[in-house]
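# Summary of structural features
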Amino acid sequence: MADYSVWILEESNITVSGGVTLDGITQGDGSHLDGETITLETNDWLEIEITDGGSDDDFDDNDGNQRLDGAQTIDGVTYADGTRVEAEYFIELEDGEGNVYQAIAFNVRNSSPAYATVEGLAFVGPPQDWPPVGEPLLVTLSLEGPGSSGQPSIPAEDLVIPCFTPGTLITTPEGQRAVEDLSTGDLILTLDNGFRPIVWINNVSLDAGQLWRDPSMRPIRVLAHAFGPDQPNRDMLLSPQHRVLLRGWRTELLFGVSEGLAAVRHLVNDHSVRRAKDVDNVTYIHFMFDRHEVVCADGLWAESFLPGPLAVSSLEEGPRQELLKLFPELGIEKTPDVTSARPILKRWEAALFA
């Protein structure tokens, strides 16, 4: 079973030319959109939490295992926990400069016929590569949804990669070192396995325009002592999906485990953990070991980069292909162990803690 989230732009925030709607016809293959233009009117992206009872973490068409993880309001309608969802069709769009974007139609499968309604579009690829707001995009290709009729599946992992920001101090044998000064091979203190060498490190920079188009990528500010004395020991910025270690009696009482990892975006309380709306640009730095580890950053225990199951599958079948898709410069010598270092808490569980 996998839990993941998909970011969509709801149908009410999208305009289609010719009086056409996103709703599927002709068995939901999207062909009614061929030659039309689609304009994204806002950047109000909505996060959809999904639980998948199958053996993959792909977001596909005709997959009965994909269900809403908790009751959620989508395009003004509230759907119950466990409602089935799917990727109805796949389209490619082109802007005036010839840039091509890929999207899938997000469908809550509770209508009759089931393919007749589409609640929004989810775009394939890192958010910084999603199309601009306000520009008509020509639909140049439409296909049946991923995972059906011979179409390849599309990974639905949270593409907001967990990472640190420059200035974060990481514990090493030489003491505290800024994360931007670390390199492959450097030893880092881990909670479980002492000092371990970094096998891969990378960074991604987002400017003001990218953060404006996709606010979900804006960093989270964690104030000093937010999770206890010196945890962290000073204010720090983390990417929204970066997981931090929760421990203590509340973790045991609420979740039945002594320690768990929670995405910092799920811990936002508008006080000690809050979105950094004053940040105009950010660089995210992420590093990986040969297994998932918990490391000490500014006095706070937080996770290292954890490739998802799909990435591991791709590494075994075609070395490095999945991670190379995200970051072409990535190079590692062996497939990492991707077993999570601690249980990963769901959004609603983290909200209880927050």
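What counts, and at which threshold
Residues numbered from 1 in each chain as written. Predicted model: local features only at pLDDT ≥ 70, side-chain atom pairs only at ≥ 80, totals over all residues. Heavy atoms only, no water. Helix = DSSP H or I, 4+ residues; strand = E, 2+ residues; numbered from the N terminus. Buried < 20%, exposed > 50% of the residue type's maximum accessible area, 1.4 Å probe, protein only. Contact = heavy atoms within 4.5 Å. Areas by Shrake-Rupley, 256 points an atom, 1.4 Å probe, with all protein chains shown as cover. Pairing = 2+ DSSP bridges. Axes fitted to C-alpha atoms, helices over the stretch in contact; angles between N-to-C directions. Salt bridge = Lys/Arg side-chain N within 4 Å of Asp/Glu carboxyl O. Phe/Tyr/Trp six-rings, centres within 6.5 Å; stacked < 30°, edge-to-face > 60°. Core = buried A, V, L, I, M, F, W, Y, C linked by side-chain atoms within 4.5 Å. pLDDT = per-residue confidence, 0-100.

## A look at the overall build of the protein
The number of helices and strands found in the protein is five helices and 24 strands. Out of the 354 residues belonging to the protein, those deemed buried represent 53%. Counted over contacts in the protein with a minimum sequence separation of 6, partners at least 24 positions apart contribute 65%. Summed over all atoms, the accessible surface of the protein reaches about 14900 Å², with 48% contributed by carbon and sulfur.

## Looking at the sheet that holds strand β18 (residues 236–238)
Within the open sheet, the three strands sit side by side as β18-β17-β21. Their pairing is antiparallel. A strand with exactly one partner marks an edge of an open sheet, and here the two such strands are β18 and β21 (273–275). Each strand axis lies, on average, 30° off the axis of its neighbour in the sheet, ignoring direction.

## Re the pattern of salt bridges
Scanning the entire structure with this criterion turns up eleven salt bridges. A salt bridge links Arg234 to Asp298, with the nearest nitrogen and oxygen atoms 3.1 Å apart. Here Arg234 is found in the loop between β17 (220–222) and β18, whereas its partner Asp298 is found in the loop between β23 (294–297) and β24 (300–303), with 64 residues between them in sequence. Residue classification places Arg234 among the partly exposed positions, given a relative accessible area of 34%. What makes Asp298 buried here is its relative accessible area of 3%. The structure contains a network of salt bridges with shared partners spanning Asp192, Arg247, Glu259 and Arg342.

## Brief notes about the packing of aromatic side chains
Tallied over the full model, the rule gives four aromatic pairs. Ring centres 5.8 Å apart and planes at 20° place the aromatic pair Phe59 and Phe106 in the stacked group. Here Phe59, found in the loop between β4 (46–52) and β5 (66–68), pairs with Phe106, found in strand β9 (residues 100–108); they are 47 residues apart in sequence, far enough to count as distant. Per residue, the accessibility class of Phe59 equals that of Phe106, and both read buried. Between Phe164 and Phe287 the ring centres are 5.6 Å apart and the planes differ by 20°, which places this aromatic pair in the stacked class. Residue Phe164 is located in the loop between β11 (137–144) and β12 (169–172), and its partner Phe287 is located in strand β22 (residues 282–288); the two are separated by 123 residues in the primary sequence. According to the relative accessible area criterion, Phe287 is buried, its value standing at 2%. Among the aromatic residues, those joined into a ring-pair cluster are Phe164, Phe287 and Phe289.

## Describing the nonpolar core
In terms of nonpolar packing, the biggest core is built from 26 residues, with Phe164, Ile170, Phe227, Val244, Leu267 and Phe287 touching the most fellow members. Within the residue set of this core, elements represented by two or more residues are β17, β18, β19 (243–247), β22, β23 and β24. Among residues more than four places away in sequence, those in contact with Phe164 are Ile170, Val179, Leu238, His242, Thr283, Tyr284, Ile285, Phe287, Val295, Ala297, Ala302 and Glu303. Within the second largest apolar cluster, 21 residues are counted, among which are Leu9, Val118, Trp130 and Leu137.

## Some remarks on unusual backbone geometry
A cis amide bond, omega -5°, links Gln231 with the succeeding residue Pro232. Structurally, Pro232 is set in the loop between β17 and β18. Its identity as a non-glycine residue notwithstanding, Asn62 has a phi of 55°, on the positive side. With respect to the secondary-structure elements, Asn62 resides in the loop between β4 and β5. Overall, the relative accessible area of 48% leaves Asn62 in the partly exposed class. A positive phi is found at Asp75, a non-glycine position, where the angle reads about 50°. Of note, Asp75 is situated in the loop between β6 (72–74) and β7 (77–79).

## Description of the pairing of strand β3 (residues 37–40)
Taken together, the three bridges between strand β2 (residues 14–16) and β3 define a ladder with antiparallel strand orientation. Bridge assignment links Val16 to a residue of β3, and that residue is Ile38. When β3 meets β11, the two strands line up antiparallel, connected through two bridges. Of the residues in β11, the one forming a bridge with Thr37 is Leu138.

## Considerations on the confidence of the model for the protein
Mean pLDDT over the protein works out to 80, with 82% of the residues at or above the 70 mark. Summarising per-element confidence for the protein, the mean pLDDT is lowest in helix α3 (residues 309–317) (36) and highest in strand β14 (residues 187–190) (96). Every residue in residues 309–336 scores below 50 in pLDDT, and together they form 49 contacts with partners more than four places removed in sequence or on other chains.

## Details of the environment of Val124
Along the polypeptide, Val124 turns up in the loop between β10 (120–123) and β11. Overall, the relative accessible area of 22% leaves Val124 in the partly exposed class. The spacing of Val124 and Val6 is 118 residues in sequence and 10.0 Å in space, taken between C-alpha atoms.

## Quick notes on the pairing of β10
What you see with β10 is no split at all: Gly120 and Ala122 on one side and Leu121 and Phe123 on the other are buried throughout. In terms of strand pairing, β9 meets β10 through four bridges, oriented antiparallel. Counted as the bridge partner of Ala103 is Phe123 from β10.

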